[in-house]
Amino acid sequence: DLEEYAFGIPVEQLNFTNQSPFTLSFWVNIKEFNHSEQGTQFINIRKPDGDWIYCDWGYIHSTIGIAYDAYGNKLGEDMMSFYAYEDYSSIRTVFKHIEEYKFSHGEWVYISFQYYFTSNPEMYVYVNGKPILKFESVFNRPTQLIERPEGSLIMIGGPAFERAPLNAYVDKVQFYNRALSEAEVKESMIAPLNDASLLGYWDFENGSTTDSEGYMMADNGTIKASMYKILQQNDISIGTEIQPFTFGEGVNPESVLQGVEESIAEENITKAYVSDGVLYIESAEDINSVTVYDAMGRIITSGTYSNASLQIPLPTTLKGVVMVKVDNCVVKVICN
């Protein structure tokens, strides 16, 4: 439960340069909007005790409220706007809207912010696995790209100048040291990827304990995060104080995503589950064929059979969501 605080990941533990790729993903449920003059602060990278503007809005920052395009035309209300400073000036680049998305309160949505570097910085924002915002560089000066100095934080929520804090629940935060593909973003909605690039995963359920300083180590990974109160003077950020975590009811991705991109039979006569690397399939009728696909649609294994009960070995490295096609019935299975 963010309340008026922010969930923050200290940048200094990451050993990043301003060209290091990463993906930040999390589920969020907005309790209510209490927009200030410029809306509600959402995601940002900032140094709260640094220089204006980077202490407050941040080197990269976003809001939910009235959204405008790069030409100042109003797009709608309760939409996300994203900005990045490409050099140390007051000029910021506005992300382009790929698809217009209006936020509602009281429902869980999955957010992914992706950053990587080619000849220029590349950034995308995904909502529920779909890209809705894209960064298009204006200056094309990679050496002048925003930096993330010691003391910077990658933050979700918290107040900023003329922007209200995000009053929301946040769950299942994932942080990778690479840019995920669109297919991987969708896969991570169910569970974090079984990948060495996963630096931190916080589900706030298993092993969610804090150290003496108030930092919570990731349930899976090697980095830490904390809850921060943003200290302000004249509505401008001047520092932080670590706060205790407050918990609320979390998200069940399976319930939220039920029925997404699936065909549901009128009567399901097939059951499938995975245990100790073996796929077990039981059916009310003899099974003629089985094909197993990974989350990206690639065939893992297939075969023909004549039995109502099967045990099929799977690769030991297989994790996450797989789709099992049994004759003409498709069953979704999660490998832990």
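Note: the structure precedes this text.
Residues numbered from 1 in each chain as written. Predicted model: local features only at pLDDT ≥ 70, side-chain atom pairs only at ≥ 80, totals over all residues. Heavy atoms only, no water.

A. Broad picture of the packing of aromatic side chains. For the coordinates displayed, the defined rule picks out 24 aromatic pairs. Ring geometry for Tyr54 against Tyr59: centres 4.8 Å apart, planes inclined by 10°, an arrangement best described as stacked. Exposure class is identical for Tyr54 and Tyr59. Each is buried. Ring geometry for Tyr54 against Tyr85: centres 5.7 Å apart, planes inclined by 80°, an arrangement best described as edge-to-face. Here Tyr54, found in the loop between β3 (40-46) and β4 (60-68), pairs with Tyr85, found in the loop between β5 (74-84) and β6 (93-94); they are 31 residues apart in sequence, far enough to count as distant. Neither Tyr54 nor Tyr85 differs from the other in exposure class; each is buried. Cluster of aromatic residues (ring-pair linked, three or more members): Phe16, Phe22, Phe82, Phe95, Phe113, Tyr115, Phe135 and Phe175. Over the aromatic face of Tyr83 sits the side chain of Arg92, whose NZ or CZ is 3.9 Å from the ring centroid. (Phe/Tyr/Trp six-rings, centres within 6.5 Å; stacked < 30°, edge-to-face > 60°. Buried < 20%, exposed > 50% of the residue type's maximum accessible area, 1.4 Å probe, protein only. Helix = DSSP H or I, 4+ residues; strand = E, 2+ residues; numbered from the N terminus. Lys NZ or Arg CZ within 6 Å of the ring centre and 35° of its normal.)

B. Fine view of the nonpolar core. One finds Phe7 and Trp202 to be the most contacted residues of the largest nonpolar core, which totals 56 residues. Not counting residues up to four positions away in its chain, the partners in contact with Phe7 are Leu2, Ile154, Met155, Ile156, Val173, Trp202, Phe204, Ala225, Ser226, Met227 and Phe245. In terms of nonpolar packing, the next biggest core, distinct from the first, is built from 17 residues, Ala272, Ile287, Val290 and Leu314 among them. (Core = buried A, V, L, I, M, F, W, Y, C linked by side-chain atoms within 4.5 Å. Contact = heavy atoms within 4.5 Å.)

C. Here's a closer look at the side chain of Asp203. The residue Asp203 is located in the loop between β13 (198-202) and β14 (216-217) in this model. Despite its burial, Asp203 pairs with no opposite charge; the closest candidate is Lys172, at 4.9 Å N-O. From its side chain, Asp203 meets the backbone nitrogen of Glu205 in a polar contact 2.9 Å long. Ignoring any residue separated from it by four or fewer positions in sequence, one finds Asp203 in contact with Asp171, Lys172 and Asp219. (Lys, Arg positive; Asp, Glu negative; His and termini not counted. Salt bridge = Lys/Arg side-chain N within 4 Å of Asp/Glu carboxyl O. Polar contact = N/O pair within 3.5 Å; in protein donor to acceptor, adjacent residues only side chain to side chain.)

Just geometry here; none of it tells us what the structure is for.
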